[in-house]
Amino acid sequence: MTRTAVNRITVNAGGRRFETTTSTLSSAGSQYFQTLLDLSKVKENNDKEGANEDDNKDVVPVGDIFVDCDPDLFSEILYFMRRNRLTSKTQENIYLLEDLVVEADFFSYSDLKEACNSA
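The structure contained in this document is the topic of the report that follows. Note that this is a predicted model, so its numbers are computed, not measured.

### What about the overall build of the protein?
For the protein, the helix and strand inventory stands at 6 helices and 3 strands. Beginning at the N terminus, the succession of helices and strands in the protein can be written as β-β-α-α-β-α-α-α-α. Restricting the contact set of the protein to residue pairs at least 6 apart, pairs at least 24 apart contribute 57%.

### So, the environment of Ala-119
Mapped onto the fold, Ala-119 is located in the segment after helix H6 (110-118). Of the residues examined, Ala-119 reaches a relative accessible area of 51% and is grouped as exposed. Taking the C-alpha atoms as reference points, Ala-119 and Gln-91, separated by 28 residues in sequence, lie 5.7 Å from one another. If sequence neighbours within four positions are ignored, Ala-119 has contacts with Leu-86 and Leu-97.

### So, the pairing of strand S1 (residues 8-13)
Most of S1 is tucked away, with 5 of its 6 residues classed as buried. In this structure, S1 lies alongside strand S2 (residues 16-21), joined through 6 bridges in antiparallel fashion. Along S2, the bridge assignment pairs Ala-13 with Arg-16. Here S1 folds back onto S2 in antiparallel fashion, the turn holding 2 residues, of which Gly-14 has a positive phi close to 60°.

### Remarks on the sheet that holds strand S3 (residues 65-67)
Pairing is mixed in the open sheet, where 3 strands are placed in the order S2-S1-S3. Since the sheet does not close on itself, it has two edges, and those belong to S2 and S3, each with one partner. Between one strand and the next, the sheet's axes are offset by a mean angle of 30°, whatever the strand orientation. Those strands touched by helix H3 (residues 71-83) are S1 and S2, and its axis lies near 10° from that of S2.

### A word on the packing of aromatic side chains
One pass over the full model with this rule turns up 9 aromatic pairs. Aromatic side chains Tyr-32 and Phe-106 sit 5.4 Å apart centroid to centroid with 40° between the ring planes, which places their arrangement in the tilted category. Here the residue Tyr-32 occupies a position in helix H2 (residues 31-48), and Phe-106 occupies one in helix H5 (residues 94-106), the gap between them amounting to 74 residues. When its relative accessible area of 46% is taken as the criterion, Phe-106 is described as partly exposed.

Reading the values: the criteria
Residues numbered from 1 in each chain as written. Predicted model: local features only at pLDDT ≥ 70, side-chain atom pairs only at ≥ 80, totals over all residues. Heavy atoms only, no water. Helix = DSSP H or I, 4+ residues; strand = E, 2+ residues; numbered from the N terminus. Contact = heavy atoms within 4.5 Å. Buried < 20%, exposed > 50% of the residue type's maximum accessible area, 1.4 Å probe, protein only. Pairing = 2+ DSSP bridges. Axes fitted to C-alpha atoms, helices over the stretch in contact; angles between N-to-C directions. Phe/Tyr/Trp six-rings, centres within 6.5 Å; stacked < 30°, edge-to-face > 60°.

Structure, rendered in structure tokens:
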């Protein structure tokens, strides 16, 4: 993962790059990102300890995170992670809400799914 002293990270979502922090991704409640970041910490620790490369074959590589998803939807997800609310335009668009429910399932993000279903 690309990091600086403030834990900045770059997420490549469907070809569009988003900058955020590891704390935003890990504390928002998405099990997908919590697991991904935990695996990356294991990889970093193993690299520091000189672990065998085969030991890390199933671990997320250090570098940008790539997420194969629609970047417009990911932008909405990231907004929700940062503010714990849906944007006004999202709340008014039933089709966008339906799409976000699908993404919430993919990212194991129950808070987002509940917000979409309640909107």
